[in-house]
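Each chain, written out:
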Amino acid sequence: MNPNNIELLAPAGSYEGFEAALGAGADAVYVGGAMFGARAYAQNFNEEELLRAIDVAHIHGKKLYLTVNTLLKNRELKEELVSYLEPYYNAGLDAVIVQDMGVFSLLKKEFPKLHLHASTQMTVTGPEGMKFLADQGATRVVAARELSLQELSRMHEACPIEIEAFVHGALCYSYSGQCLMSSLLGGRSGNRGRCAQPCRLPYQVKNFRAKEYGKGEFCPLSLKDICTIEILPEIIEAGVTSLKIEGRMKQPAYTAGVTGMYRKYLDFLFEKGPANYHVTEKDKKYLLDLFNRGGSCTGYYQMGNGPQMMAFTNEKKTGEVFLETKQLKEKITGELHLVPGSPVLLHVSCQGEDAYECVGEVQYAKSQPVTEERVRQQMDKLGNTSFIWEKLEIYMEDSVFVPMKILNEARHQALEDLKEKLLQKYRRNVGDERVKRIAEETPAKISAIAACDNVPRKKEEYIPVYVSCESEEASEVLCQKDGIQGIYLPYALIEKHLQTGLDNGKEMYLSLPHITRENPPEGYMEQVKKWLEAGLSGFLVRNLESYSALAQMGLADKCVLDHSLYTWNDEAIRFWKDQGILRNTVPLELNEKELRHRENAGSEMIVYGRLPLMHSAQCVRKNTFGCNGQEERLVLKDRYDKEFPVVCYCRPWKMGNTKAAESCYNIIYNSLPYGLLKEADRVKELGVSSVRLAFTIESREETERIVEDFVAAYHGSRVSHEYEFTKGHFKRGAE
């Protein structure tokens, strides 16, 4: 176990938090700037603070990472991102943490020396997704928090790039990047760093009598925080090289306390070895006292899910912590020469770099010569600099005089020169030519975008209608219905209805799991190949794992990306087009005006369905009634008596009656269906290539009625029924 390969990564929501993290022993710190970070409500760093933090980190041999881990709209990507990052890139920023593939692609082109870390918001759950991102130029993947030690080990063995994993702090109920709950219910998007944490609120589970929890409020979606200090050797053994502490919204005292404790035990581990590793009860209690939410757990590293991980209440307990911030200082050596009739000569050295300063003039003392003690006292005034004297040799004669301001000037300038020499190896310059090109292109881009506002594109009277379906009874209806161009079905339903759909002239697609945590069971891909030969049109792909596996088989051109593989901006659209995909799906969080700024020609737009609020590795049924291994539905009811269906997917790779390895997940759906029925003409003006109806829990009769009306609306005919639909973000958009 090489300690040089292991990084302790701490959070900082403010400059004070940054200093606390470094002083407590962090090897690297991740922070948010003024824009594009997933903690928009943290204090965050202004430009001056961030530039200073980059320099301070580098002087001490540490690293600083900047979060750019939100989804960006076209205007933000084209007009703001590059100019925002340029000063930090030039200063030597070590890496950015990225969610958006459009951002990833643009930064790779504009800042070629900048390391790109794939955020946990990308929902990387296995080796295939990790290898795909490595091929695109990522230097590190921040793994999904739901992964086990065994899964992390498989990722490490399959791909050489670094793995970063959370070891302490809050857990999201949903897979990060796969949660629209805050967005759809309140307009504050987790994909924009503005999550309102509706998962921490109380809900009733229908037909379940909750016990008394805390103040009597039952919070079935509220997880405990993780604390993995006892299993650090196992996490490192699994191949994790960056141990990440969550908490940019927390105070510097918390950052210092947690970081210092993990630093203590990492050093203990490196010194004593895994066989002798143990954590005292006192130190475990200290971490729990700093902050806890119903206790703590070791997360998903050793268990798939379960009530042991749940807080079942939103009560937070925070202890009193005294913060004594330790400021790091780099040791320097120096020589000061004071010779009458000559300038003050100061030579300072640090980390193999030297700086020399020659200022003023040393005089013969007429009455009161300056003493060496007084000179040393003045030279020791290093204040808030990053340095401390390890040794300072002072060479001076007996009767000399020198003004203190001259000593101050020599000291200050020499240290500034030394600092610049230490930082020079980190500095970059993107080049005046590129800056000029961006300046010339931007006005034209702004004009082109502005020209799109409120200008309808050519409206097609007929637009192809596709449907996705999760149930047996609805799929039987859909395979027979006229007006449907194509159908997306999971494995068990494709197995039953492929030929029927083909015989009725429909394109047939295999819907792959929303979350992929393992390889398909034996025989799965062999059967898929037979279906392709029989006429299967392609695949509805929901995650990087599935896409990467298909792309390696030469099937990228048969992949339809679902909305969970985000294409908020044209750069992301171009990225995926270059991969050779068949088409993408319009994001669910852009409003109508924003969609007019987006290139929609190769996109399919969902215009009906129960929108997914969360995809979770937790199971509402298991955590309340207990697991029965069956795929079934439950209902959550909120404080306003709105009911949210929950579907348990116990076997995502289900093959008929074949038992597959279980990597279950739940999907929580919105209380009302989303529907753009009366808005059909406006949708057509967006220029999308097709629309989709997404059926999940509808009955046979509901399915038939909805299909008939939406086909009529999007094919230019008359609608027969009235519905209560939510418009989602079509009007309001997300913050």
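Parameters and conventions
- Residues numbered from 1 in each chain as written.
- Predicted model: local features only at pLDDT ≥ 70, side-chain atom pairs only at ≥ 80, totals over all residues.
- Heavy atoms only, no water.
- Phe/Tyr/Trp six-rings, centres within 6.5 Å; stacked < 30°, edge-to-face > 60°.
- Helix = DSSP H or I, 4+ residues; strand = E, 2+ residues; numbered from the N terminus.
- Buried < 20%, exposed > 50% of the residue type's maximum accessible area, 1.4 Å probe, protein only.
- Lys NZ or Arg CZ within 6 Å of the ring centre and 35° of its normal.
- Pairing = 2+ DSSP bridges.
- Axes fitted to C-alpha atoms, helices over the stretch in contact; angles between N-to-C directions.
- Salt bridge = Lys/Arg side-chain N within 4 Å of Asp/Glu carboxyl O.
- Parallel < 35°, antiparallel > 145°, perpendicular 65-115°, else oblique.
- Contact = heavy atoms within 4.5 Å.
- Nonpolar A, V, L, I, M, F, W, Y, C, P; charged D, E, K, R; others polar.
- Left-handed = near helix turned anticlockwise from the far one by under 90°.
- pLDDT = per-residue confidence, 0-100.
- Polar contact = N/O pair within 3.5 Å; in protein donor to acceptor, adjacent residues only side chain to side chain.
- Core = buried A, V, L, I, M, F, W, Y, C linked by side-chain atoms within 4.5 Å.

Undergrad: Would you mind going over the packing of aromatic side chains with me for this structure?
TA: For any two aromatic rings, the description comes down to two numbers: the centre-to-centre distance and the angle of the planes. Enumeration over the complete set of coordinates arrives at 29 aromatic pairs. Taken together, a centroid distance of 4.8 Å and an interplanar angle of 55° make the contact between Tyr491 and Trp531 tilted. Taken together, the residues Tyr491 in helix α16 (residues 491-503) and Trp531 in helix α17 (residues 524-534) connect sequence positions 40 residues apart. Each of the two residues, Tyr491 as well as Trp531, counts as buried. Aromatic ring contacts, followed pair by pair, group Tyr608, Phe695, Phe710, Tyr714, Tyr723 and Phe725 into a single cluster. One residue, Arg583, lies across the ring of Tyr466, its end atom 4.4 Å from the ring centre.

Undergrad: Would you mind showing me how to read the sheet that holds strand β13 (residues 344-350) here?
TA: Picture the strands of a sheet paired through backbone hydrogen bonds; they go either parallel or antiparallel. Strands sit in the order β14-β13-β12-β16 across an open sheet of four strands; the sheet is mixed. If you trace the sheet from one side to the other, it starts and ends with β14 (353-359) and β16 (387-396), each paired once. Strand-to-strand twist across the sheet, computed as the mean angle between neighbouring axes with direction ignored, equals 15°. As paired elements, β13 and β14 share seven bridges and run antiparallel to each other.

Undergrad: Explanation requested: the pattern of salt bridges in the structure shown.
TA: Oppositely charged side chains can pair when the atoms bearing their charge come close. Here the structure, examined in full by the defined rule, presents 42 salt bridges. Taking the shortest distance from any N to any O, the salt bridge between Lys284 and Glu230 comes out at 3.1 Å. Residue Lys284 is located in helix α11 (residues 281-290), and its partner Glu230 is located in the loop between β9 (225-227) and α9 (232-237); the two are separated by 54 residues in the primary sequence. Through salt bridges with shared partners, a single ionic network connects Glu470, Arg542, Asp562, Arg583, Glu604 and Arg692.

Undergrad: Would you explain helix α1 (residues 15-23) in this entry?
TA: Since there are 3.6 residues in each turn of an α-helix, residues three or four apart along the chain are aligned in direction. Among the nine residues of α1, seven are classified as buried, and the element is accordingly described as predominantly covered. Buried residues of α1: Tyr15, Gly17, Phe18, Ala20, Ala21, Leu22 and Gly23, and no others. Gly25, located one to two residues past α1, shows a positive phi value of around 115°.

Undergrad: Is there a simple way to explain the packing of α16 against α17 in this structure?
TA: Angle between the axes and distance between the axes are the two parameters that describe a pair of packed helices. Packing of α16 against α17 leaves a shortest axis separation of 11 Å and a crossing angle of 10°. Relative to α17, the element α16 is oriented roughly parallel. Residue-level inspection shows Tyr491, Ile494, Glu495, Leu498 and Leu502 of α16 in contact with α17, the latter providing Tyr524, Gln527, Trp531 and Ala534. When the residues that make up the contact of α16 with α17 are grouped by side-chain class, the tally is seven nonpolar, one polar and one charged.

Undergrad: How should I be thinking about the packing of α1 against helix α10 (residues 252-272) in this particular structure?
TA: Where α1 contacts α10, the axes come no closer than 8 Å and their chain directions differ by 15°. Taken as axis vectors, α1 and α10 run roughly parallel relative to one another. Of the two elements, α1 crosses α10, and the hand of that crossing is right-handed. Contacts between α1 and α10 involve Glu16, Gly17, Ala20 and Ala21 from the first element and Pro252, Thr255, Ala256 and Thr259 from the second. Grouping the constituent residues of the contact of α1 with α10 by class yields four nonpolar, three polar and one charged.

Undergrad: Help me understand the confidence of the model for the protein chain in this model?
TA: It should be kept in mind that the predicted coordinates are not to be read in detail where pLDDT is low. Mean pLDDT over the protein chain stands at 91; residues scoring 70 or higher make up 93%. A low-confidence stretch, residues 448-456 (pLDDT under 50), is modelled with 13 contacts involving residues beyond four sequence positions or located in other chains. Every residue in residues 657-661 is under pLDDT 50, and counting partners more than four places away or in other chains gives six contacts.

Undergrad: Honestly, the side chain of Ser242 in this entry has me stumped. Any pointers?
TA: Mapped onto the elements of the fold, Ser242 is located in strand β10 (residues 242-245). Taking the relative accessible area as the measure of exposure, Ser242 reaches 0% and is therefore buried. One polar contact links Ser242 to Glu7, side chain to side chain, over a distance of 2.7 Å. Filtering out sequence-adjacent residues up to four positions away, Ser242 remains in contact with Glu7, Leu9, Arg140, Ile163, Glu164 and Ala165.

Undergrad: Explanation requested: the pairing of β13 in the structure shown.
TA: The side chains of a regular strand alternate between the sheet's two faces. Counting buried positions along β13 yields six of seven residues, so the element is predominantly enclosed. Joining the antiparallel neighbours strand β12 (residues 330-338) and β13 is a turn of five residues, in which Gly341 adopts a positive phi near 85°. From the end of β13 to the start of β14, which pair antiparallel, there are two residues, and Gln351 there has a positive phi angle of about 50°.

Undergrad: Looking at this structure, I do not really get the sheet that holds strand β25 (residues 612-616). What am I missing?
TA: Strand order in the open sheet formed by five strands is β8-β26-β27-β28-β25, and the pairing between neighbours is antiparallel. A strand with exactly one partner marks an edge of an open sheet, and here the two such strands are β8 (204-205) and β25. With four bridges connecting them, strand β27 (residues 643-649) and strand β28 (residues 665-669) associate as antiparallel partners. Considered in β28, the bridge of Tyr649 is made with Tyr665.

Undergrad: Just to check I follow, could you spell out unusual backbone geometry for this structure?
TA: Trans peptide bonds make up the majority, and among non-glycine residues the majority have a negative phi. The backbone of Gln197 shows a phi angle near 55°, a positive value even though the residue is not glycine. Turning to its location among the elements, Gln197 is positioned in the loop between α8 (181-186) and β8. One non-glycine residue with positive phi stands out, namely Gln351, at about 50°.

Undergrad: Would you mind going over the nonpolar core with me for this structure?
TA: Within soluble globular proteins, side chains that are nonpolar generally end up buried alongside one another. Judged by nonpolar contacts, the single largest core of 191 residues is most densely connected at Phe18, Met605 and Tyr714. Core analysis: the next-biggest nonpolar cluster, separate from the first, contains 29 residues, Leu346, Leu382, Ile394 and Leu423 among them.

Undergrad: Just checking my understanding: could you explain the side chain of His497 for this structure?
TA: Within the secondary structure, His497 sits in helix α16. Its relative accessible area of 9% is what places His497 among the buried residues. A polar atom in the side chain of His497 sits 3.2 Å from the side chain of Ser475. Discounting residues that sit within four places of it in the chain, His497 has contacts with Glu472, Ser475, Glu476, Cys479, Leu489 and Met508.

Undergrad: So what exactly am I meant to see when it comes to the pairing of β12 here?
TA: Residues Glu330, Ile332, Gly334, Leu336 and Leu338 point to one face of β12 and are all buried, whereas Lys331, Thr333, Glu335 and His337, pointing to the other face, are not buried. Here nine bridges tie β12 to β16, and the two strands are oriented parallel to one another. Pairing of Glu330 across the sheet is with Phe387, part of β16. Two elements, β12 and β13, share five bridges in a ladder whose sense is antiparallel. What sits directly across from Leu336, in β13, is Leu346.

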